[in-house]
Amino acid sequence: MVEIKSPEQIAKMRAAGLVVAEIHRRCAEAAVPGASTKDLDDVAATVLAERDAKPNFLGYGGFPATICTSVNDVVVHGIPGRETVLKAGDLISIDAGAIVDGWHADAALTVFVGDGHPEQLHELSRVTEESLWAGIAAMRKGNRLVDISKAIEGYIRRQPLPASGKYGIIESYGGHGIGTEMHMDPHLLNYVDRRRGRGPRLIPGFCLAIEPMVSLGTAKTHVLADEWTVKTNDGTWASHWEHSVALTEEGPLVLTAQDGGRAKLAELGVTAAPDPLA
Ligand code: MG
């Protein structure tokens, strides 16, 4: 069963989404050479406290931190720690969430630490982020869930290949429904699997966290002995971008983007729904 939200409930999720947007902004600023990933976790905890919001990652299935910090060949679910010190040339994906009045938001971005990254890493992050927006643009009334998967995969497959020779669309993780819990039905693949059918029809009130994860090599991953950290099997680096999105009568509202997704969606010819909190 998919939880369908009222406009009032979407407004509450927007409040949570704006907290996540602020966590992203401040963690991205703090992701400089010499900072530890625990420093970034502290920034996120501070923002949550300032905004009177609750963490949804901390304690989730026993997860020990406020955010996930995934460096280089870590795809997702990296655990922040004082021993993980960022250096110029690193690539870090920061995944953060917030709960406001019982409503969840969840989003991730990829940040370049310092300078000196090879061009293919810039391309990797750009392709991953743009595939997210292609997926968001497919979140329209009348479409099916699979149309979002198709838009994400199609965007990635249309891009020129990186120097590594391929992009791997991570298979074992994907997007999800979100609302009164962080992870809800339905699961959203970042590629089309014909065995799964087309999925539910998208109707106003449908809320999804859309989150492509792409590597410069394999689509396959493994989990480290800490039971959280997910790495690529071939050691290639990965990018992760995510937004929580609500489909409204007036189109998609990107809950975790500061502008509700207005600017990026306009580039794609889609009008974002008005911000209920503006
Ligand atoms: Mg998520």
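Residues numbered from 1 in each chain as written. Predicted model: local features only at pLDDT ≥ 70, side-chain atom pairs only at ≥ 80, totals over all residues. Heavy atoms only, no water.

### Section: the overall build of the chain
And then number 1: Of the regular secondary structure elements, the chain holds five helices and 14 strands.
And then number 2: Put simply, the chain has 278 residues, and 58% of those count as buried.
And then number 3: Of the roughly 11400 Å² of accessible surface on the chain, 52% is carried by carbon and sulfur atoms. (Helix = DSSP H or I, 4+ residues; strand = E, 2+ residues; numbered from the N terminus. Buried < 20%, exposed > 50% of the residue type's maximum accessible area, 1.4 Å probe, protein only. Areas by Shrake-Rupley, 256 points an atom, 1.4 Å probe, with all protein chains shown as cover.)

### Some thoughts on the pairing of strand β8 (residues 207-210)
And then number 1: Here β8 shows no split at all, with C207 and A209 on one side and L208 and I210 on the other all buried.
And then number 2: Relative to β8, strand β6 (residues 175-177) is paired through two bridges, and the arrangement is antiparallel. Bridge assignment links G177 to a residue of β8, and that residue is L208.
And then number 3: Pairing of β8 with strand β13 (residues 243-248), which is carried by four bridges, proceeds in the antiparallel orientation. (Pairing = 2+ DSSP bridges.)

### A word on the side chain of H240
And then number 1: Inspection of the secondary structure puts H240 in strand β12 (residues 238-240).
And then number 2: Among the polar contacts listed, one links the side chain of H240 to the side chain of E211, at a separation of 2.8 Å.
And then number 3: Not counting the four nearest positions on each side in its chain, H240 is found in contact with V75, V76, S93, D95, A108, L109, T110, T128, E211, P212 and M213. (Polar contact = N/O pair within 3.5 Å; in protein donor to acceptor, adjacent residues only side chain to side chain. Contact = heavy atoms within 4.5 Å.)

### Things to note about the coordination of the magnesium ion
And then number 1: The coordination sphere of the magnesium ion, as far as protein atoms go, consists of D106 (OD), H176 (NE2), E211 (OE) and E242 (OE), spread over 2.2 to 2.3 Å.
And then number 2: Here H176 falls in the buried class, since its relative accessible area comes to 5%.
And then number 3: Assessed through its relative accessible area of 0%, E242 is described here as buried. (Donors = N, O, S within 2.8 Å, 3.2 Å for Na, K, Ca; no water.)

### Side note on the packing of aromatic side chains
And then number 1: Tallying each qualifying case throughout the model produces one aromatic pair.
And then number 2: Between the aromatic rings of F63 and W228, the centroid separation amounts to 5.0 Å while the plane-to-plane angle is 85°, which identifies the pairing as edge-to-face. Of this pair, F63 sits in the loop between α2 (37-50) and β1 (68-71) while W228 is found in the loop between β10 (221-223) and β11 (230-232), placing the two residues 165 residues apart along the sequence. W228 carries the same exposure label as F63, and that label is buried. (Phe/Tyr/Trp six-rings, centres within 6.5 Å; stacked < 30°, edge-to-face > 60°.)

### Quick word on the nonpolar core
And then number 1: Core analysis: the biggest nonpolar cluster contains 61 residues, and I23, I92, M139, I148 and I210 have the highest contact counts within it.
And then number 2: For this core, the secondary-structure elements that each account for two or more residues are α1 (7-30), α2, β3 (91-100), β4 (103-112), α3 (119-137), α4 (145-158), β8 and β13.
And then number 3: Aside from chain neighbours lying at most four places away, what touches I210 is L132, G135, I136, M139, I148, I152, L188, W241, E242, H243 and V245.
And then number 4: The next biggest cluster of nonpolar side chains, apart from the first, holds nine residues, and it includes I10, W103, I178 and C207. (Core = buried A, V, L, I, M, F, W, Y, C linked by side-chain atoms within 4.5 Å.)

### A short note on the UniProt feature "domain: Peptidase M24" (unreviewed entry) in the chain
And then number 1: With numbering aligned to this structure, UniProt lists the feature "domain: Peptidase M24" (unreviewed entry) at residues 12-249.
And then number 2: This span, residues 12-249, is 28% helix and 25% strand, and a straight line between its end C-alpha atoms measures 17 Å. (UniProt positions renumbered as here; feature names shortened; annotations may be inferred.)

### Focus on the packing of α3 against α4
And then number 1: Taken N-terminus to C-terminus, the directions of α3 and α4 make an angle of 150°; their axes are 8 Å apart at the nearest point. Relative to α4, the element α3 is oriented roughly antiparallel. Relative to α4, α3 is oriented so that their crossing is right-handed. Here α3 contributes R126, V127, E130, S131, A134 and G135 to the contact with α4, which in turn contributes I148, A151, I152, Y155 and I156.
And then number 2: Residue composition of the contact of α3 with α4, by class: seven nonpolar, two polar and two charged. (Axes fitted to C-alpha atoms, helices over the stretch in contact; angles between N-to-C directions. Parallel < 35°, antiparallel > 145°, perpendicular 65-115°, else oblique. Left-handed = near helix turned anticlockwise from the far one by under 90°. Nonpolar A, V, L, I, M, F, W, Y, C, P; charged D, E, K, R; others polar.)

### A word on the UniProt feature "binding site: substrate" (unreviewed entry) in the chain
And then number 1: The sites that carry the UniProt feature "binding site: substrate" (unreviewed entry) are, in the present numbering, H77 and H183. Separation in sequence by 107 residues is not matched in space for these annotated residues, since their most distant C-alpha atoms are only 14.3 Å apart.
And then number 2: Its place among the elements puts H77 in the loop between β2 (74-76) and β3.
And then number 3: Since its relative accessible area comes to 23%, H77 is described here as partly exposed.
And then number 4: With residues near it in sequence (within four places) discarded, H77 still touches F63, C68, S70, Y173, W228, T229 and V230.

### Quick notes on α2
And then number 1: With 14 residues, α2 extends 20 Å from end C-alpha to end C-alpha; this agrees with the ideal 20 Å at 1.5 Å per step.
And then number 2: Along α2, the residues that are buried comprise T37, L40, D41, V43, A44, V47 and L48. Seen along its axis, α2 keeps its buried residues to an arc of 155°; they face one direction.
And then number 3: Where α2 is buried, its residues touch α1, β1 and β3. (Expected span 1.5 Å × (residues − 1). Arc of directions from axis to C-beta.)

### Remarks on the sheet that holds strand β9 (residues 213-215)
And then number 1: The strand order β5-β9-β12 describes an open sheet built from three strands, whose pairing is antiparallel. Strand pairing shows two members of the sheet lacking a second neighbour, β5 (168-169) and β12, which therefore form its edges.
And then number 2: The pairing of β9 with β12 spans three bridges and is classified as antiparallel. Residue V214 lies in a different strand from β12, and its bridge partner there is S239.
And then number 3: Most of the contacts of α3 go to β12, to which it runs at about 30°, and overall it touches β9 and β12.

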